[in-house]
Amino acid sequence: MPHRETLEQLLRRVRECTVCAAHLPYPPKPVLLAKATARLIIVGQAPGRKVQETGIPWNDPSGDRLREWLQLSKEVFYDESRIAIIPAGFCYPGKGKSGDMPPRPECAPLWHPPLRAALPKIELTLLVGSYAQEHYLGKLRKGSLSDTVKAFPEYMPVYFPLPHPSPRNRLWLRQRPWFDTDVLPTLRERVAELLG
Ligand code: SF4
């Protein structure tokens with residue numbers, strides 16, 4: 001019988017990955033968390049510089065806001081036996097003209113399929129920001145991120161698209177009060193149900 005790779009073995013291979021090292025500003029340092037019992041995956045974009053330095057995903061103001069959206073304490077948020085945190089790109093991609101560069105395009109197609117196959121209990125995937133939505137929803141996305149988020153019931157129960165909680169998106173959020181009133185209550189309810 002062929003040997004089946006465990007999640008731990010797969011994560012070891014991810015941590016040794018150098019596939020796009022030539023395009024990264026620092027040596028690769030994949031930032032992700034997962035255990036085979038997780039029921040929820042959070043797919044964001046790529047780690048920022050601070051996150052890459054500490055090795056702790058969402059360890060920044062974006063993470064604070066995301067936890068507030070989900071109404072989760074840090075303790076639960078970082079409990080990888082319940083929540084897997086697997087961004088669209090695992091290593092810090094460097095600075096671009098306006099903010100960080102996009103996640104490296106090699107990363108998600110290479111690593112997400114085997115990681116998901118090793119996470120059999122996942123029931124819901126949060127797609128945080130446009131890169132995660134592009135990878136998972138592709139042509140099923142609407143004309144804008146705003147419309148994709150508004151159409152969240154169409155993607156449930158498998159996916160839940162969200163804007164990125166970065167402080168840079170404060171204005172976006174202020175201009176869309178429906179996000180607080182119509183999206184967050186369902187998101188919180190579903191996440192609380194799953195994490196029980
Ligand atoms: S970003 Fe992804 S593909 Fe590139 S080196 Fe890091 S883990 Fe490998």
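What you are looking at is a predicted structure, and each value in this text was computed from that prediction instead of being measured. (Residues numbered from 1 in each chain as written. Predicted model: local features only at pLDDT ≥ 70, side-chain atom pairs only at ≥ 80, totals over all residues. Heavy atoms only, no water.)

1. Describing the sheet that holds strand β4 (residues 159–162)
Paired through their backbone hydrogen bonds, the strands of a sheet run either parallel or antiparallel.
Then step 1. Taken in spatial order, the four strands of this open sheet run β2-β1-β3-β4, and their pairing is parallel. Two strands in the sheet have a free side with no partner beyond their single neighbour: β2 (83–85) and β4. Going across the sheet, the axis of each strand differs from the next one's by a mean of 20°, ignoring polarity.
Then step 2. When strand β1 (residues 40–43) meets strand β3 (residues 124–128), the two strands line up parallel, connected through four bridges. Across the sheet, residue Leu40 finds its bridge partner in β3, namely Leu124.
Then step 3. Sheet strands in contact with helix α6 (residues 130–137) are β1, β3 and β4, and its direction is about 130° off that of β3.
Then step 4. Sitting on the sheet, helix α10 (residues 178–195) is in contact with β1, β2, β3 and β4, with an inclination near 140° to β4. (Pairing = 2+ DSSP bridges. Helix = DSSP H or I, 4+ residues; strand = E, 2+ residues; numbered from the N terminus. Axes fitted to C-alpha atoms, helices over the stretch in contact; angles between N-to-C directions. Contact = heavy atoms within 4.5 Å.)

2. Concerning the pattern of salt bridges
Then step 1. A full pass over the atoms with the stated rule returns eleven salt bridges.
Then step 2. Linking Arg67 and Asp64 is a salt bridge whose minimum nitrogen-to-oxygen distance equals 2.9 Å. With Arg67 and Asp64 both in helix α3 (residues 61–70) and three residues apart, this pair spans about one turn of that helix.
Then step 3. The class for Arg67 is buried, based on a relative accessible area of 5%.
Then step 4. For Asp79, the salt bridge goes to Arg82, with nearest N and O atoms at 3.0 Å.
Then step 5. According to the relative accessible area criterion, Asp79 is partly exposed, its value standing at 23%. (Salt bridge = Lys/Arg side-chain N within 4 Å of Asp/Glu carboxyl O. Buried < 20%, exposed > 50% of the residue type's maximum accessible area, 1.4 Å probe, protein only.)

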